[in-house]
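Here is how the chains run, residue by residue.
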Amino acid sequence: MNNFIQVINQYALDGESAINTEALKETAHLAKQTLENGTGEGNDFLGWLHLPSSITEQQLQSIEATAAQLRRECEYVVAIGIGGSYLGAKAVLEALSDHFAAYKPSGNPKVVFAGNNIGEDYLYDLMGLVKGHKFGIIVISKSGTTTEPAIAFRLLKEMLEQQEGKEFASRNIVAITDAVRGALRNLATQEGYVTYVIPDNVGGRFSVLTPVGLLPIAVAGFDIRSLVQGAIEIEQGDDEAVLNYAIARNALYQSGKKIEILVNFCPRLHYLAEWWKQLYGESEGKNHKGIFPASVDFTTDLHSMGQWIQDGERSIFETVLSVGDQDHEVVIPSDEANLDGLNYIAGRRVDEVNKMAELGTRLAHVDGGVPNLLITVPALNERYLGQLIYFFEKACGISGYMLGVNPFNQPGVEAYKKNMFALLGKPGYEQQSTKIQARLKG
């Protein structure tokens, strides 16, 4: 089996290409050159580009040592962060974990997440989960003042200190933050927390291969060295697959396909798709441009969204993530009565049935006017996930420049915050509050 992920530009399974990618090849190579030379907009946020190969042995050992400390003393570790500060780690943990790990004992602490929403019941339930148990905290924020993680950290820090004492808390709270400034950096220095730096030139959605992602992944017991090695293999590769994907999706966008649906037939990939949606949505959705990133879990969603995808408005294309080898074999037994009519597949692996569902779906959707791209991953392990993460990151940078936007800023994210702060009466937002109140009164 091939040792790398592959992209097949399979717009139609009969060999007839529905779009012309040749015209975009030069544009893609220029965009790649712009990215690699650092001459485009947002070039002060390119620290991720050569990040995998720049990670040192000393950095890996430090992360592994901190993870070992948390594993020694904690039953739970709460990773606090929002957006890219949690989605990358969550994606990798879900992709590598036993589907029912939450219900099974293991030698590693359970890694749970907070600060990614403002759900009161969510925080109440989480605090109930860790109450009476030794837990640690990984708090991730450049500033320390982002609303969602700041609320969660204030609550959980107080709880941990009251429950286990300040000495235990100071040993088992890790701050991943700015190198020199900000509220969290100041607190970490004051309290003596172990700290790691979020590089200034790496945006949150590109941060999974920094301590932001590597530490929670290591705490859960997974091999961060293999994850990094997989990313290095794509970083130092020939970029053919990366370019194929960037070219194909932009060609489809220009042909009127405004929505890209990331499809998986593997339940473990749900949060990989959530990470991908942030990566592409926040990078490309600017200046009233951009492919809308959506995702579905098949075959589950074939029984819900399948109808719309098959017969709805033809504004979509699909990118299918296909996983080769499964970790385990489950064979369908024969049954003498055969009341369910399944004896025709008796003796076959469940994965063989799933693969035929995948192929049958792609055939049906292409016949229904939905172009398909196919990305194949040999297996779900740390190495191939590292490849996939870096593959999507680099393709995103190239695709954004092809689209004509700055892929590395997110100005629109601030709009809701201004309104929220004004409505809550935050100092400095009085003028905005007056405008909102007038608007609400009609």
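Our structure is the block above this text.
Figured I'd write up the structure that's included with this text. (Residues numbered from 1 in each chain as written. Predicted model: local features only at pLDDT ≥ 70, side-chain atom pairs only at ≥ 80, totals over all residues. Heavy atoms only, no water.)

All right, on to the pattern of salt bridges then. Summed over all chains, the structure comprises 23 salt bridges. Put simply, Arg181 and Asp178 hold a salt bridge, and the shortest N to O gap is 3.7 Å. Take Asp178: its relative accessible area is 4%, and that puts it in the buried class. Several salt bridges share partner residues, and in doing so they unite Lys32, Glu36, Asp239 and Lys394 into one network. (Salt bridge = Lys/Arg side-chain N within 4 Å of Asp/Glu carboxyl O. Buried < 20%, exposed > 50% of the residue type's maximum accessible area, 1.4 Å probe, protein only.)

A word on helix α1 (residues 22-37). For α1, which comprises 16 residues, the first-to-last C-alpha distance of 24 Å matches the rise-based estimate of 22 Å (1.5 Å per residue) to within 8%. Trailing α1 by a residue or two, Gly38 shows a phi angle of about 65°, which is positive. (Helix = DSSP H or I, 4+ residues; strand = E, 2+ residues; numbered from the N terminus. Expected span 1.5 Å × (residues − 1).)

Strand direction decides the pairing type here: strand β5 (residues 173-177) and strand β6 (residues 194-197), joined by four bridges, are parallel. The residue of β6 that forms the bridge with Val174 is Val194. Note that the unit made of β5, helix α8 (residues 183-191) and β6 has a crossover that is right-handed. (Pairing = 2+ DSSP bridges. Right-handed = clockwise from strand over helix to strand, strands pointing away.)

An order of β3-β2-β4-β5-β6 is seen for the five strands of this open sheet, with the pairing classed as parallel. Of all strands in the sheet, those bounded by a partner on one side alone are β3 (110-114) and β6. Strand-to-strand twist of the sheet, defined as the mean angle between neighbouring strand axes without regard to direction, takes the value 20°. With five bridges joining them, strand β2 (residues 76-80) and strand β4 (residues 135-140) adopt parallel strand pairing. Paired with Tyr76 across the strands is Phe135, a residue of β4. Packing of α8 onto the sheet brings it into contact with β4, β5 and β6, and relative to β5 it is tilted by some 145°. (Axes fitted to C-alpha atoms, helices over the stretch in contact; angles between N-to-C directions. Contact = heavy atoms within 4.5 Å.)

We now examine the packing of aromatic side chains. When we look at a pair of aromatic rings, we describe it by the centre distance and by the angle of the planes. Counted under the stated rule, the structure contains 15 aromatic pairs. A connected cluster of aromatic rings, assembled from ring pairs, spans Tyr245, Trp275, Trp276, Tyr280, Phe391 and Phe392. The ring of Tyr271 has Lys90 lying over it, and the distance from NZ or CZ to the ring centre is 4.8 Å. (Phe/Tyr/Trp six-rings, centres within 6.5 Å; stacked < 30°, edge-to-face > 60°. Lys NZ or Arg CZ within 6 Å of the ring centre and 35° of its normal.)

With that settled, the discussion passes to the nonpolar core. Leu156 and Phe392 are the most contacted members of the largest nonpolar core, which totals 114 residues. The element contributing the most residues to this core is helix α15 (residues 382-403), with 13 residues. The contact partners of Leu156, leaving out residues within four places of it in the chain, are Val78, Ile80, Ala114, Leu126, Met127, Val130, Phe135 and Ile137. With 11 residues, the next largest nonpolar core counts Val263, Val296, Phe298 and Leu374 among its residues. (Core = buried A, V, L, I, M, F, W, Y, C linked by side-chain atoms within 4.5 Å.)

Moving on to the environment of Ile55. With respect to the helices and strands, the residue Ile55 is situated in the loop between α2 (51-54) and α3 (57-73). Each C-alpha atom of the pair Ile55 and Arg225 lies 9.8 Å from the other, and the pair is 170 residues apart in sequence.

The next thing to look at is helix α6 (residues 147-164). Its 18 residues give α6 an end-to-end C-alpha distance of 26 Å, which sits within 8% of 26 Å, the value for a rise of 1.5 Å per residue. Of all the positions in α6, only Thr147, Glu148, Pro149, Ala152, Phe153, Leu156, Lys157, Met159, Leu160 and Glu161 are classed as buried. A positive phi of about 95° marks Gly165, the residue just after α6.

Here we take up the layout of surface pockets. As a volume, the largest pocket reaches approximately 940 Å³. Along the wall of the largest pocket there are 38 residues; nearest its centre are Ile82, Thr146, Gln410, Val413 and Lys417. For the lining of the largest pocket, the element with the most residues is helix α16 (residues 414-424), which contributes six residues. (1 Å grid on protein atoms, 1.4 Å probe; cavity = no way out; pocket = protein on both sides within 12 Å on 5 of 7 lines; lining within 4 Å. Points joined across faces, edges and corners; volume = space filled by probe spheres on them.)

Tracing the sequence through the fold places Phe392 in helix α15. Judged by relative accessible area, which is 0%, Phe392 ranks as buried. The sequence separation of Phe392 and Tyr245 amounts to 147 residues, and the corresponding C-alpha distance is 8.9 Å.

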